[in-house]
Amino acid sequence: MNLMKLDNTVIHHLLDVIAHSPGIRIEDVAQLTPELTLREVVYTLCYLSRRGQLRVIVNGQGGITVTTTLRFFN
């Protein structure tokens, strides 16, 4: 995958969406941000997860949800 340049506006927008809906499904994040492609959403969420700002949770049925971590607030 080519490295995409992460835009701080996109990062803050996604964090805001997730902070207001903890445990939101990735598909729902994508629906709430129609200005972004699913690829942009997933790439940015992976980046934020690696930085420790998001927790990615895979449930028993294969669904994936995300929530902010305490590091988000620091």
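Draft legend 1. Summary view of helix H1 (residues 8-20). The end-to-end C-alpha separation of H1 is 18 Å, in line with the 18 Å expected for 13 residues at 1.5 Å each. When we look at burial in H1, the residues that qualify are Val10, Ile11, Leu14, Leu15, Val17 and Ile18. Along the axis of H1, the buried residues cluster in a sector spanning 160°; they form a single face. Exposed side chains of H1 directed beyond 90 degrees from the buried face belong to Asn8, Thr9, His12 and His20. In this structure, the buried residues of H1 make contact with strand S1 (24-25), helix H2 (26-32), helix H3 (38-50), strand S2 (54-58) and strand S3 (64-68). Backbone nitrogen of threonine 9 and a side-chain oxygen of the N-cap are separated by 2.7 Å at the start of H1; the cap is aspartate 7.

Draft legend 2. Representation of the environment of glutamate 40 within the structure. Take glutamate 40: it is sitting in helix H3. Note on glutamate 40: relative accessible area 29%, which makes it partly exposed. Residues glutamate 40 and leucine 6 lie 34 residues apart in sequence; the distance between their C-alpha atoms is 8.8 Å. Of the polar contacts made by the side chain of glutamate 40, one reaches the backbone nitrogen of threonine 37; its length is 2.7 Å.

Criteria and thresholds
Residues numbered from 1 in each chain as written. Predicted model: local features only at pLDDT ≥ 70, side-chain atom pairs only at ≥ 80, totals over all residues. Heavy atoms only, no water. Helix = DSSP H or I, 4+ residues; strand = E, 2+ residues; numbered from the N terminus. Expected span 1.5 Å × (residues − 1). Buried < 20%, exposed > 50% of the residue type's maximum accessible area, 1.4 Å probe, protein only. Arc of directions from axis to C-beta. Contact = heavy atoms within 4.5 Å. Polar contact = N/O pair within 3.5 Å; in protein donor to acceptor, adjacent residues only side chain to side chain.

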